[in-house]
Amino acid sequence: MIFIQILRNMHWKNGPDRGFSPSTPISNNIANRKAAMYLSQGFSTPQRLHASDNPSPQDAEFDALLALIIEQRQQFQELRHIPRDVIAQMKKAGIFRSATPSRFGGTPMAPHLFLRMIERIGVVDGSAAWVAAFGSANTYLAALPVETQAMIYADGPDQVYAGGLYPLSKATRTDGGWRISGRWRFASGCKGADWIGVGIAVDDGAGGPPIAHMAVCPADEVEIIDNWQVMGMQGTGSHDTQLKDKFVADEWICARAAPARIDEPLYRYPPLAFQAEVHAACNLGLARGALDLAAEMSGGAKLMPGASRLADRGYFRSSLAEGEAKLRSARLFFYETAEQAWQVLQAGDDVPLELNTLLRLSATHAAHIGAEVIQTCFRIVGMGAVQSTHRMQQILRDSLVVTQHAALNDVTLEQAGALLAGLPPTPGFP
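(A) Quick look at the pattern of salt bridges. One pass over the structure, following the stated rule, counts 15 salt bridges. Close ionic contact of Arg97 with Asp158 constitutes a salt bridge, the shortest N to O distance being 2.7 Å. Of this pair, Arg97 sits in the loop between α4 (84–92) and α5 (111–124) while Asp158 sits in the loop between α8 (146–152) and β1 (161–174), and the two are 61 residues apart along the sequence. For Arg97, a relative accessible area of 23% corresponds to the partly exposed category.

What follows is the structure, encoded as structure tokens:
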């Protein structure tokens, strides 16, 4: 077990955790150094080694969050959403201010560091990681007028945004805004949100296809249709939402993936790539959890008289080693590419098409390799994991849902391959 703990420590400490660019603003470095403390040690328990002898209060809040998730994760499945006390602890841990503009009290965090926070939550629970991943979604709100953003953050920087934008609904133009009716799917985290976005189709005025726009409303003004009955990620509460002839003023509407009104590096990071990455990070965490769990089960009680322990079986040992290697390799590509994109932005440049393509490719690759590793772990531990309440069973189901996400499915591999082959990009990609 000592060797297993060494591997866990290496998983968090090795790889592209090499500090911060000299060009990073001091205020961002403070947030990033805090985030770096979350990279220290794997955790079957919420305890970890700190990168500092004097951890900040927010580090303690992150530890408390992990402990709370472990305590309540079975309840997430029964409720089919993450309860508000856990959301409140996520706020205390700084999850939802990590993409809030600094002018509104936020601590914008380098994406590759935020992703590690999501990965670490994913080790203990997939649904909690998925909902925490929407701490990145405040980058969408940065496309709204600055005056509107000021109203959103009037009560503080820890605002939770949830949005199910599709299918796009028609909206009727009226004085000063739009009247909107429709029903939208997959509003993950909507029951714990402060703000909810919906998608509308707006005519481009030139006879072309309609343009997807996001309309943002206070959460208590949007109806939630409680219908999230799924095989995995059940705790995300990705219910349908609905509006009936609701007026939404122009200043609360913006084009999907429109340029941000905030001039900070985080809001120039490719938004669709970031969306793919935060979901992929869930599977990296889940895969780490599966490997740790398989190792813990390796010396357990034998079900059949005379059978060898899992740890004594060649296929188990080889598969465990291959899973470790696959996960670390995918993880390196994932974080190395994200860090490279951040360095480009820090230098004042835009992320080029080729690098943006690699962001999408590395995210899809990470999600799929994570799921592959988890399936291998489930197979090699045998009958001990077949009960529906077994932790490995939940990890497996959650991981399969991640790979179904539109930003991470097989189509992204086709589109990335086309660009790598020198073909023109598909509209909407990367």
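(B) View of the layout of surface pockets. The volume enclosed by the largest pocket comes to roughly 1,000 Å³. In terms of lining, the largest pocket is formed by 36 residues, of which the most central are Tyr166, Gln275, His405, Ala406 and Ala407. Listed by contribution, the elements that provide at least two residues to the lining of the largest pocket are β1, β2 (177–187), α9 (271–297) and α13 (410–420). Among the elements that line the lining of the largest pocket, the one with the most residues is β1, at five residues. Split into classes, the residues belonging to the lining of the largest pocket amount to 19 nonpolar, 14 polar and three charged.

(C) Representation of the packing of α9 against helix α11 (residues 353–380) in the model. At a minimum axis separation of 8 Å, α9 and α11 run at an interaxial angle of 25°. By the angle between their axes, α9 is roughly parallel relative to α11. Where α9 crosses over α11, the handedness of that crossing is left-handed. Contacts from Leu272, Ala273, Ala276, Glu277, Ala280, Asn283, Leu284, Leu286, Ala287, Ala290, Leu291 and Ala294 of α9 reach α11 at Asn356, Leu359, Arg360, Ala363, Ala366, Ala367, Gly370, Ala371, Val373, Ile374 and Cys377. For the contact of α9 with α11, the per-class residue count stands at 18 nonpolar, three polar and two charged.

Procedures and definitions
Residues numbered from 1 in each chain as written. Predicted model: local features only at pLDDT ≥ 70, side-chain atom pairs only at ≥ 80, totals over all residues. Heavy atoms only, no water. Salt bridge = Lys/Arg side-chain N within 4 Å of Asp/Glu carboxyl O. Helix = DSSP H or I, 4+ residues; strand = E, 2+ residues; numbered from the N terminus. Buried < 20%, exposed > 50% of the residue type's maximum accessible area, 1.4 Å probe, protein only. 1 Å grid on protein atoms, 1.4 Å probe; cavity = no way out; pocket = protein on both sides within 12 Å on 5 of 7 lines; lining within 4 Å. Points joined across faces, edges and corners; volume = space filled by probe spheres on them. Nonpolar A, V, L, I, M, F, W, Y, C, P; charged D, E, K, R; others polar. Axes fitted to C-alpha atoms, helices over the stretch in contact; angles between N-to-C directions. Parallel < 35°, antiparallel > 145°, perpendicular 65-115°, else oblique. Left-handed = near helix turned anticlockwise from the far one by under 90°. Contact = heavy atoms within 4.5 Å.

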